[in-house]
Amino acid sequence: DLHFRSQNGCGSFNWRMKFPIKLPKRKLAEYPRFQCQIWDKDFFSPNDNISEATIDLQPFLRYCEKNTKQKRCVLEYNETDEFWIDLSKGSGSPSTGGKGGRIKLSFELLPLRIANQLPAGFGRESPNQNPHLPEPEGRAQFSLLNPCQSLRNLLG
């Protein structure tokens, strides 16, 4: 998702991604990792990777395999199902690449039987439910009625 010209320095996406995962895995190395990257959008030069993080999903998925085979499994951190992840500049680890921002995430694992009972579109597409994802806030607005402000938003 593109957060064009964030007005307050905070990107808001509210974007649902769905991935099919077959469990259990035979080897620990087969468990997926989630890689998140934040890029800038340039018009006159190449886009740049601002920051990134890689999240090892193996502990979460192994827990779900053992304890919640037939129901929803929600990843929690500090007793909340939405949590902030520190991103780094460069090599993917805040300890080696320097702090590069934060992103708020949530992860759910649903058996296919339950996923079919709880329809949810990709991104914010229909059906936008389970959970409902509101439109992002803080994005630049463009208007023919206010061309000076639109030009300011475009140029930064």
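Residues numbered from 1 in each chain as written. Predicted model: local features only at pLDDT ≥ 70, side-chain atom pairs only at ≥ 80, totals over all residues. Heavy atoms only, no water.

Section: a nonpolar patch on the surface
Together, Trp 15, Met 17, Phe 19 and Ile 21 give the surface a local cluster of nonpolar side chains, amounting to about 420 Å² of exposed area. Secondary-structure assignment places Ile 21 in the segment before strand S1 (33-39). On the basis of relative accessible area, Ile 21 is assigned to the partly exposed category, the value being 32%. (Patch = residues over 30% accessible without salt bridge, like charges linked within 9 Å, V, L, I, M, F, W, Y side chains within 5 Å. Areas by Shrake-Rupley, 256 points an atom, 1.4 Å probe, with all protein chains shown as cover. Salt bridge = Lys/Arg side-chain N within 4 Å of Asp/Glu carboxyl O. Helix = DSSP H or I, 4+ residues; strand = E, 2+ residues; numbered from the N terminus. Buried < 20%, exposed > 50% of the residue type's maximum accessible area, 1.4 Å probe, protein only.)

Things to note about the pattern of salt bridges
A pair can form between side chains of opposite charge whenever their charged atoms are brought close. Tallying each qualifying case throughout the model produces four salt bridges. In this structure, the salt-bridge partner of Glu 135 is Arg 124, at a minimum N-O distance of 3.5 Å. Of this pair, Glu 135 sits in the loop between helix H3 (112-117) and helix H4 (147-155) while Arg 124 sits in the loop between H3 and H4; the two residues are eleven residues apart in sequence, bridging distant segments of the chain. Relative accessible area serves as the criterion here: at 17%, Arg 124 is assigned to the buried category.

Side note on the environment of Glu 82
Note on placement: Glu 82 falls in the loop between strand S3 (73-74) and strand S4 (83-88). On the accessibility criterion, Glu 82 (41% relative accessible area) is partly exposed. Residues Glu 82 and Phe 107, 25 residues apart in the sequence, show an inter-C-alpha distance of 8.0 Å. Excluding residues within four positions of it along the chain, Glu 82 makes contact with Lys 104, Leu 105 and Ser 106. Of the polar contacts made by the side chain of Glu 82, one reaches the side chain of Lys 104; its length is 3.5 Å. (Contact = heavy atoms within 4.5 Å. Polar contact = N/O pair within 3.5 Å; in protein donor to acceptor, adjacent residues only side chain to side chain.)

Side note on the state of the cysteines
Applying the stated rule across the entire model yields one disulfide. Note that Cys 64 is cross-linked by a disulfide to Cys 73, the S-S spacing being 2.1 Å. Its S-S torsion of approximately -80° makes the covalent link between Cys 64 and Cys 73 left-handed. For the residue pair Cys 64 and Cys 73, the accessibility class agrees, reading buried in each case. (Disulfide = S-S within 2.5 Å.)

Comments concerning the side chain of Gln 58
Along the polypeptide, Gln 58 turns up in helix H1 (residues 58-67). Residues in contact with Gln 58, not counting those within four places in the same chain, are Leu 28, Tyr 31 and Pro 32.

Overview of the nonpolar core
Judged by nonpolar contacts, the single largest core of 18 residues is most densely connected at Phe 34, Ile 55, Phe 60, Ile 85, Leu 105 and Phe 107. Only S1, strand S2 (49-56), H1, S4 and strand S5 (99-105) provide two or more residues apiece to this core. Those residues in contact with Leu 105, other than ones at most four positions away along the chain, are Phe 34, Ile 55, Asp 81, Glu 82, Phe 83 and Ile 85. (Core = buried A, V, L, I, M, F, W, Y, C linked by side-chain atoms within 4.5 Å.)

Observations concerning unusual backbone geometry
In terms of backbone geometry, most residues other than glycine have negative phi values and most peptide bonds are trans. With an omega of 0°, the peptide bond between Leu 23 and Pro 24 qualifies as cis. Mapped onto the secondary structure, Pro 24 falls in the segment before S1. Within the chain, Glu 79 stands out as a residue other than glycine whose phi angle is a positive 65°. Note that Glu 79 resides in the loop between S3 and S4. Owing to a relative accessible area of 78%, Glu 79 belongs among the exposed residues under this scheme. Even without being a glycine, Asn 130 presents a positive backbone phi close to 60°. Its place among the elements puts Asn 130 in the loop between H3 and H4.

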